Amino acid sequence: MVLSPCAETLPPIIMFPKHEEIIKVQFAGSNILSVHQFERADVERIFSVADNMLPYAQRRRMTKVLDGAILGSMFFEPSTRTRVSFGSAFNLLGGEVRETTGFENSSIAKGESLYDTARVLSGYSDAIVMRHPAPGSVSEFSAASRVPVINGGDGSNEHPSQALLDLYTIKSELAERGRGIDKLRIAMVGDLRHGRTVHSLCKLLCLFKDIQVVLVSPKELTMPAEIVEEIRSSGHQVLESEALEESIAHVDIVYSTRIQEERFASQTEADLYRGRFRLNQSVYTSHCEPNTIIMHPLPRDSRDNARELDDDLNDNPNLAIFRQTDNGVLVRMALFVLVLDVVDQVDSHARDVNWYIERRF
Ligand code: CP
């Protein structure tokens, strides 16, 4: 018998922060906890600063604008991109990084509270980036921190820097096609219930005009209702579907996501959904419009029984996944120089590098 999980087996998705708790970003000295903190002008400001980070991210120039500054990097869940690109971004600005990874290497494993941890570590750092499995935990930590805190992902809630780099990538890819973000048609596919990247991206897209969002997921893993309502009440169109092929036929972007197996009560339950939606070159050729952009926050699950975004798309020029990861450094550098209030000093602390080697591709 195939188990069919019902809503009772999945805990409710609770979104943070509540509207009354949102503190709009001022940049200098601000925490970055949720995309709800941003207005459209803030996002455009971040993107403009990110553009200026390109020579540094490409290692053509180096800057020491954050010479002497320390980033506390605290990742209590696995991470490759977010942890390393935040660290690289801080290093590229001349700062140093101190890392804690995993509860087992932290005194939280001995019962220390988030409050005490924040009070202690904010004495050692000028900024902190944190990932934690509990929704709202990074916000709770930031309330006790004496320095700005950036949310590197809090459970299934939010991943604001990922949404910013995704939107920066969308802007860049559309600009090459002579378009802006307004009037975007995007299909989001996979585990939309637990995927914090799509939660944050949907909220950020609400700042733009005439967006059409097609949400493709198993019925048990649909986008939380309050996010769907937020998109609709912002004046955008939302379609929900369980059929991949017809849903990706008339969109500018297919944004694929992994089944977030770490959020399920058991591996058996997660396995019910693995491999449900598979985008490969054959599906793409048969169903997508030419030049449809393919995105994924990564990691993609390349195991045989998953493959939501197949490796056979790797040579497809519309596959933007590694442009997304490169853009992550630009956007995270931009956040640091804005939050630490050195945006106007980056170039005056810079010089050309003497080891520059052209990237192969
Ligand atoms: N996209 C993302 O958050 O990747 P990591 O889990 O590797 O940081």
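Nothing here was measured: the structure is a model prediction, and the numbers come from that model. (Residues numbered from 1 in each chain as written. Predicted model: local features only at pLDDT ≥ 70, side-chain atom pairs only at ≥ 80, totals over all residues. Heavy atoms only, no water.)

Caption draft 1: Seen up close, the sheet that holds strand S6 (residues 185-189). If you walk across this open sheet you meet the five strands as S8-S7-S6-S9-S10, and the pairing is parallel. Every interior strand has two partners, whereas the edge strands, strand S8 (237-241) and strand S10 (293-295), have only one. Looking at each pair of strands side by side, their axes are set apart by 15 degrees on average, direction ignored. Taken together, the four bridges between S6 and strand S9 (residues 253-256) define a ladder with parallel strand orientation. Note that in S9 the partner of Ile-186 across the bridge is Ile-253. The strands touched by helix H6 (residues 160-176) are S6, S9 and S10; relative to S10, the strand with the most contacts, the crossing angle is about 165 degrees. Sheet strands touched by helix H7 (residues 196-205): S6, strand S7 (212-216) and S9. Its angle to S6, the strand with the most contacts, is close to 160 degrees. (Pairing = 2+ DSSP bridges. Helix = DSSP H or I, 4+ residues; strand = E, 2+ residues; numbered from the N terminus. Axes fitted to C-alpha atoms, helices over the stretch in contact; angles between N-to-C directions. Contact = heavy atoms within 4.5 Å.)

Caption draft 2: The sheet that holds strand S3 (residues 96-101), seen in detail. Across the sheet, which stays open at both edges, the four strands sit in the order S3-S2-S4-S5 with parallel pairing between neighbours. With one partner strand each, in any of the chains shown, S3 and strand S5 (149-154) form the two edges of the open sheet. The sheet shows a mean angle of 10 degrees between the axes of neighbouring strands, taken without regard to direction. Pairing between strand S2 (residues 70-75) and S3: six bridges, direction parallel. In the strand pairing of S3, Phe-75 is matched with Thr-101.

Caption draft 3: Looking closely at the environment of Glu-245. On the secondary structure map, Glu-245 appears in helix H9 (residues 244-247). A relative accessible area of 34% means that Glu-245 is categorised as partly exposed. Residues Glu-245 and Tyr-168 lie 77 residues apart in sequence; the distance between their C-alpha atoms is 26 Å. (Buried < 20%, exposed > 50% of the residue type's maximum accessible area, 1.4 Å probe, protein only.)

Caption draft 4: Focus on the packing of helix H1 (residues 40-52) against H6. As a packed pair, H1 and H6 sit with axes 11 Å apart at the nearest point and diverge in direction by 75 degrees. As summarised for this structure, H1 and H6 are arranged roughly perpendicular, according to the angle between their axes. Contact residues: Val-43, Ile-46, Phe-47, Ala-50 and Asp-51 in H1; Leu-164, Leu-167, Tyr-168 and Lys-171 in H6. Residue composition of the contact of H1 with H6, grouped by class: seven nonpolar, no polar and two charged. (Parallel < 35°, antiparallel > 145°, perpendicular 65-115°, else oblique. Nonpolar A, V, L, I, M, F, W, Y, C, P; charged D, E, K, R; others polar.)

Caption draft 5: Representation of the site of the ligand in the model. Lining the immediate surroundings of the ligand are Pro-78, Ser-79, Thr-80, Arg-81, Thr-82, Arg-131, His-159, Gln-162, Pro-297, Leu-298 and Pro-299. In this structure, an oxygen atom belonging to the ligand sits 2.6 Å away from a side-chain N or O atom of Ser-79. In the environment of the ligand, an oxygen atom lies 2.9 Å from a nitrogen or oxygen atom belonging to the side chain of His-159. In isolation the ligand has 250 Å² of accessible area, and contact with the protein removes 92% of it. (Near = heavy atom within 4 Å. Polar contact = N/O pair within 3.5 Å; in protein donor to acceptor, adjacent residues only side chain to side chain. Areas by Shrake-Rupley, 256 points an atom, 1.4 Å probe, with all protein chains shown as cover.)

Caption draft 6: Structural detail: unusual backbone geometry. Of the consecutive residues Leu-298 and Pro-299, the connecting peptide bond is found in the cis state with omega at 5 degrees. For Arg-307, which is not a glycine, the phi torsion comes out positive at approximately 50 degrees. Note that Arg-307 resides in the loop between S10 and helix H12 (321-339).

Caption draft 7: Structural detail: the packing of aromatic side chains. Following the criterion strictly, the structure yields five aromatic pairs and no others. Ring pairing ties together the aromatic residues Phe-86, Phe-90 and Phe-336, which thus form one cluster. Here the basic side chain of Arg-332 rests over the ring of Phe-86, its NZ or CZ set 4.7 Å away from the ring centre. (Phe/Tyr/Trp six-rings, centres within 6.5 Å; stacked < 30°, edge-to-face > 60°. Lys NZ or Arg CZ within 6 Å of the ring centre and 35° of its normal.)

Caption draft 8: View of the packing of H1 against H12. Running from N to C, H1 and H12 point in directions that differ by 110 degrees, and their axes come no closer than 8 Å. One element, H1, and the other, H12, form an angle in the roughly perpendicular class. Contacts between H1 and H12 involve Arg-45, Ile-46, Val-49 and Ala-50 on the former and, on the latter, Leu-330, Val-331, Ala-334, Leu-335, Val-337 and Leu-338.

Caption draft 9: Representation of the domain arrangement of the protein chain in the model. Annotation of the protein chain at the domain level lists domain 1 (7-158 + 327-360) and domain 2 (160-322). Inter-centroid distance (C-alpha atoms) of domain 1 to domain 2 is 24 Å. Contacts between the two partners involve 38 residues from domain 1 and, on the opposite side, 33 residues from domain 2. Of the roughly 3,000 Å² buried between domain 1 and domain 2, counting both surfaces, carbon and sulfur atoms make up 61%. Considering only the surface of domain 1 that becomes buried against domain 2, Leu-10, Arg-40 and Phe-47 emerge as the three largest contributors, covering 22% of it. Where domain 1 packs against domain 2, one counts four salt bridges. For Glu-77, the salt bridge identified is with Arg-263, shortest N-O distance 2.7 Å. Where domain 1 touches domain 2, the interface holds 13 residue pairs in polar contact (both at pLDDT 80 or more). Within the residue set of the side of domain 1 that touches domain 2, elements represented by two or more residues are H1, helix H3 (81-92), S5 and H12. Split by residue class, the side of domain 1 that touches domain 2 holds 19 nonpolar, 10 polar and nine charged. (Domains from an automatic or database assignment. Buried area = accessible area lost by both parts, 1.4 Å probe. Salt bridge = Lys/Arg side-chain N within 4 Å of Asp/Glu carboxyl O.)

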